[in-house]
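# Coordinate analysis (summary)
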Amino acid sequence: MRRPLARFWTNCLLALGFSLSGHAFAAHAYAQFGDIRYPENFAHFSYANPAAPKGGEIVLVPPTRQSNFDKYNPFTLKGSAPPAMLGMMFDTLLVGNMDEPTTAYGLLASDVTVAKDRMSVTFQIHPQARFQNGDPVLAADVRHSFERLTSKQAAPQYRTYFGEVKGATVLAERSIRFDFVRPNSELPLIVGSLPVFSAKWGLHGEGPKANHKPLDQMVVDIPIASGPYRLGPVQFGKDVTYVRDPQYWAKDLNVRKGQFNFDRITYKIYKDSTAQLEAFKAGEFDYMQSFIAREWARAFTGRAFERGELIKAELPHGNAGDFQGFLFNTRRDKFKDVRVRQAIALAMDFEWLNRQLFYNAYSRVRGYFVASDFEAKGRPGPDELALLNPIRAKLPAAVFDQDVPQPPQTSLDSTSGRTLRDHLRQARDLLKDAGWTYHDGALRNAMGQALSIEFLDSSGSMGRVVTPFAKNLEKLGIKVQYKVIDFALLQKRMDVFDFDIISNRTVGSEAPGTELLERYGSRSADVEGSGNVIGLKDPAVDALLDKVVSATSRPELVTSLRALDRVLRHGHYVVPHWYGAVHRVSWRAKAFARPADLPRFYQPEKLVTTVWWSPHALAAPAAQPAPKAP
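Residues numbered from 1 in each chain as written. Predicted model: local features only at pLDDT ≥ 70, side-chain atom pairs only at ≥ 80, totals over all residues. Heavy atoms only, no water.

### Some remarks on the overall build of the protein chain
Of the regular secondary structure elements, the protein chain holds 19 helices and 26 strands. Relative to a compact globule of 630 residues, whose C-alpha radius of gyration would be 25 Å, the protein chain shows 25 Å and is just as compact. Seen through its C-alpha atoms, the protein chain measures out along the principal axes to roughly 70 × 60 × 50 Å. Buried positions account for 59% of the 630 residues belonging to the protein chain. A total accessible area of about 25,400 Å² is found for the protein chain, and carbon and sulfur atoms account for 50% of it. Seen as two clouds, the 79 positive and the 66 negative side-chain charges of the protein chain have centres 3 Å apart. (Helix = DSSP H or I, 4+ residues; strand = E, 2+ residues; numbered from the N terminus. Rg over C-alpha atoms; globule rule 2.2 N^0.38 Å. Buried < 20%, exposed > 50% of the residue type's maximum accessible area, 1.4 Å probe, protein only. Areas by Shrake-Rupley, 256 points an atom, 1.4 Å probe, with all protein chains shown as cover. Lys, Arg positive; Asp, Glu negative; His and termini not counted. Charge placed at Lys NZ, Arg CZ, Asp CG, Glu CD.)

### With respect to helix 3 (residues 139-149)
With 8 of 11 residues buried, helix 3 is to be regarded as a mostly interior element. Every buried residue of helix 3 is listed here: Ala 139, Asp 141, Val 142, His 144, Ser 145, Phe 146, Arg 148 and Leu 149. The inward-facing, buried residues of helix 3 abut strand 7 (120-125), helix 4 (156-161), strand 8 (165-172), strand 9 (175-180) and strand 11 (211-212). (Contact = heavy atoms within 4.5 Å.)

### What about helix 18 (residues 554-570)?
Its 17 residues place the ends of helix 18 25 Å apart at the C-alpha level, agreeing with the 24 Å of an ideal helix rising 1.5 Å per residue. The element helix 18 is extensively covered by neighbouring structure, given that 13 of its 17 residues are classed as buried. The positive-phi residue at the C-terminal boundary of helix 18 is His 572, with phi of around 50 degrees. (Expected span 1.5 Å × (residues − 1).)

### Things to note about the pairing of strand 22 (residues 479-484)
In this structure, strand 21 (residues 452-457) lies alongside strand 22, joined through 6 bridges in parallel fashion. Within strand 22, the residue paired with Ser 452 across the bridge is Lys 479. The handedness of the strand 21 to strand 22 crossover, carried by helix 14 (residues 463-475), is right-handed. (Pairing = 2+ DSSP bridges. Right-handed = clockwise from strand over helix to strand, strands pointing away.)

### Focus: the sheet that holds strand 4 (residues 94-96)
Pairing in this open sheet of 3 strands is antiparallel, and the strands run 2-5-4 from one edge to the other. Edge positions in the sheet fall to strand 2 (29-31) and strand 4, since each has one partner strand and no second. The mean angle between the axes of side-by-side strands here comes to 30 degrees, regardless of whether they run parallel or antiparallel. (Axes fitted to C-alpha atoms, helices over the stretch in contact; angles between N-to-C directions.)

### Thoughts on the pattern of salt bridges
Per the stated rule, a full pass over the model turns up 31 salt bridges. A salt bridge links Arg 174 to Glu 173, with the shortest nitrogen-to-oxygen separation between them at 3.2 Å. Owing to a relative accessible area of 23%, Arg 174 belongs among the partly exposed residues under this scheme. The network of salt bridges with shared partners includes Arg 332, Lys 334, Glu 454, Lys 483, Arg 493, Asp 498 and Asp 500. (Salt bridge = Lys/Arg side-chain N within 4 Å of Asp/Glu carboxyl O.)

### What to know about a nonpolar patch on the surface
Judged by side-chain polarity, Val 219, Val 220 and Phe 236 come together as a nonpolar surface patch covering roughly 240 Å² of accessible area. Structurally, the position occupied by Val 219 is in the loop between strand 11 and strand 12 (229-235). (Patch = residues over 30% accessible without salt bridge, like charges linked within 9 Å, V, L, I, M, F, W, Y side chains within 5 Å.)

### Some thoughts on the packing of helix 9 (residues 338-346) against helix 13 (residues 420-433)
It is the contact of helix 9 with helix 13, at a shortest axis distance of 8 Å, that shows an interaxial angle of 165 degrees. Between helix 9 and helix 13, the interaxial angle falls into the category roughly antiparallel. In this structure, helix 9 meets helix 13 at a crossing whose hand is left-handed. Contact residues: helix 9 offers Arg 339, Val 340, Gln 342, Ala 343 and Leu 346, while helix 13 offers Leu 420, His 423, Gln 426, Ala 427, Leu 430, Leu 431 and Asp 433. Taken together, the residues of the contact of helix 9 with helix 13 sort by class into 7 nonpolar, 3 polar and 2 charged. (Parallel < 35°, antiparallel > 145°, perpendicular 65-115°, else oblique. Left-handed = near helix turned anticlockwise from the far one by under 90°. Nonpolar A, V, L, I, M, F, W, Y, C, P; charged D, E, K, R; others polar.)

### Description of the sheet that holds strand 17 (residues 323-328)
Hydrogen bonding along the main chain pairs the strands of a sheet, whether they run parallel or antiparallel. Reading across from one edge, 22-21-23-17-24 is the order of the 5 strands in this open sheet, with mixed pairing throughout. Only two strands of the sheet have a single partner each, and these edge strands are strand 22 and strand 24 (574-576). The mean inter-strand angle of the sheet, taken between neighbouring strand axes irrespective of direction, is 30 degrees. Looking at chain direction, strand 21 and strand 23 (residues 501-506) are connected through 2 bridges and run parallel. Within the sheet, the bridge partner assigned to Phe 455 lies in strand 23 and is Ile 501. Sitting on the sheet, helix 15 (residues 487-495) is in contact with strand 21 and strand 23, with an inclination near 130 degrees to strand 21.

### Overview of the nonpolar core
Formed by 87 residues in total, the largest nonpolar core has its most connected members in Phe 75, Phe 123, Phe 178, Tyr 242 and Phe 592. If near-sequence neighbours (up to four positions away) are discounted, Phe 592 is found in contact with Ile 58, Phe 262, Asp 286, Tyr 287, Trp 587, Val 608, Trp 612, Trp 613 and Pro 615. Val 365, Tyr 368, Leu 536 and Tyr 573 belong to the second-largest nonpolar core, a separate cluster that totals 43 residues. (Core = buried A, V, L, I, M, F, W, Y, C linked by side-chain atoms within 4.5 Å.)

### Quick word on the confidence of the model for the protein chain
Confidence in the prediction for the protein chain averages 90 pLDDT; 93% of positions are at 70 or higher. Here residues 1-25 scores under 50 on pLDDT; set against residues more than four positions off or in separate chains, the count is 106 contacts. Low pLDDT, under 50, characterises residues 619-630; the predicted model gives this stretch 23 contacts beyond four residues in sequence or across chains. (pLDDT = per-residue confidence, 0-100.)

### Some words on the packing of aromatic side chains
For the structure shown, the criterion picks out 42 aromatic pairs. Centre to centre, the rings of Tyr 38 and Phe 45 are 5.3 Å apart; their planes meet at 65 degrees, and the pair counts as edge-to-face. Phe 45 sits in the buried class, given a relative accessible area of 1%. Aromatic rings pair up to connect Tyr 270, Phe 280, Phe 285, Trp 296, Phe 300 and Phe 305 into one cluster. For the cation-ring pair, Arg 331 lies above Phe 497, with the distance from its terminal atom to the ring centre recorded as 3.5 Å. (Phe/Tyr/Trp six-rings, centres within 6.5 Å; stacked < 30°, edge-to-face > 60°. Lys NZ or Arg CZ within 6 Å of the ring centre and 35° of its normal.)

### Notes on unusual backbone geometry
One non-glycine residue, Asn 41, adopts positive backbone phi at about 65 degrees. Mapped onto the fold, Asn 41 is located in the loop between strand 2 and strand 3 (57-60). On the basis of relative accessibility, which here comes to 71%, the residue Asn 41 falls in the exposed class.

### Observations regarding the environment of Lys 334
By the secondary structure assignment, Lys 334 is in the loop between strand 17 and helix 9. With 118 residues separating them along the chain, Lys 334 and Ser 452 place their C-alpha atoms 8.8 Å apart. Filtering out sequence-adjacent residues up to four positions away, Lys 334 remains in contact with Val 340, Trp 436, Leu 451, Ser 452 and Asp 500. A polar contact of 3.0 Å, which involves the side chain of Lys 334, links it to the side chain of Asp 500. (Polar contact = N/O pair within 3.5 Å; in protein donor to acceptor, adjacent residues only side chain to side chain.)

### Describing the packing of helix 17 (residues 539-549) against helix 18
Look at helix 17 against helix 18: their axes get within 8 Å of each other, and the N-to-C directions meet at 160 degrees. The orientation of helix 17 with respect to helix 18, classified from their angle, is roughly antiparallel. Our pair here, helix 17 against helix 18, has a crossing hand that is left-handed. Across the interface between the two elements, Val 541, Leu 544, Leu 545, Lys 547 and Val 548 of helix 17 pack against Leu 557, Ser 560, Leu 561, Ala 563, Leu 564, Val 567 and Leu 568 of helix 18. Residues belonging to the contact of helix 17 with helix 18 are distributed by class as follows: 10 nonpolar, 1 polar and 1 charged.

In structure tokens, the structure reads:
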């Protein structure tokens, strides 16, 4: 499953960059390392059609396994907000694009100024920026949003994400400065991604008696935001509709030109994946993405595809590979020994899975930044050693003496030494060295406790993977249970770290950075709801994370991430899964028109909802104000 804020962090990191040369600089954009492609007053992003008509509607399903939603507040830990709410309703100070992974341009901010010492950044708020209730967006609203999101009432991910921002100071009605704990070329990117909402959201009463409801008690209060869509008709747990705001303040802005063209965007939620696919074929919604190779090969077929009513396409992209795997909860004593984790990974036969289940459609995930510049290879070179040597005492000798670990590759050649039988023998020896031996019908430790593993899943799609994996584990004497539970319950158990192993997917990034503190840093390991699913507490990893977030050039970032990837892979914290080189998507032929060219870096759902349009829109009436949500 994907963490609920993962897509938000990915969008945040399509951001901001400008090479700093020791002097303050004011500009329409910010680039973390490279050049800014689009000049001031550019017309539109290259992949958007400025002549795209407005109108029509699209019905789709969330790409994640969301099975319900029960609130309108996407910023708190408890409960689930409607899918896509952040991107549809909340504008940010800066906005990224799909061609430049480390550059973003002004949206709510018309100007961004980085201080000489890189210890602060100042934004000028666009004079035309308006919330959906007609109020101007002011610096006080930006500060209010920041303070609410970094309070204990918000989900803990935000406190980690903005952890190196000291505070926000209102300089003038439309001018705000963010001060930093230390110089960090990514921090203007971080604060530029801040979702901004009105200080009136959750405000009750008037005058001196007015007071704010605590953020974590704002459940069905309709957000007062400034984005392109308003909340429309809602059926809790079934579907949600976003209605285009015809008065959207930025509709003619260059960073929004040719975008958000549908009058209505509806997300339908199906609890069963089979029912969802059949509903798509029956015409209940217009677009979906497939993540299962067998489903893509065998189920996306039929008369509707043969007649051309449904389009089936594999869209190329330049994204870094997604990181996906079975993640160990190292808070559990049974998974604390690296030899146990390594042994369990040896029991998964990916090559068999790829042949028998995946139609050879996938490549194996090798590390945490697969198929990118940041992937570690071989042994550390001089640049990595410059980072690793100072923390040598905190690292296993293998980090320096051996090639970076690769997932086991199973061979059918009985003389290769790499058959499944060979791997299981290695696993048996590792488990024995870790104190686990087979007796009384199970693999047991010195206290006689049997080694058991529970795999949790919310959709049932991993069952066909876990079943052969479990058979191999059982040959080692490990007891395996596979349990399918509702998404909301799974999310709750993950939030409180009540699990053994879960399947997790993180979208690949072309510029990983501060979000990794929340994913792998010690400070987030014991924070309920954090993205540190593994429970990682490693001073060596923390030291390398510090190098990542303080990188001042692209080469520094590459080196620090390769060193981080190397150390994490030597820890064997996951059983690596697989990734694909294309996006497998299908849509109703008459429902869409789209630009001829694809951007380089994109996620398909965002591409569809952002720059595609309805071919019937020319004859469609103008968008109407959204109905009042229940």
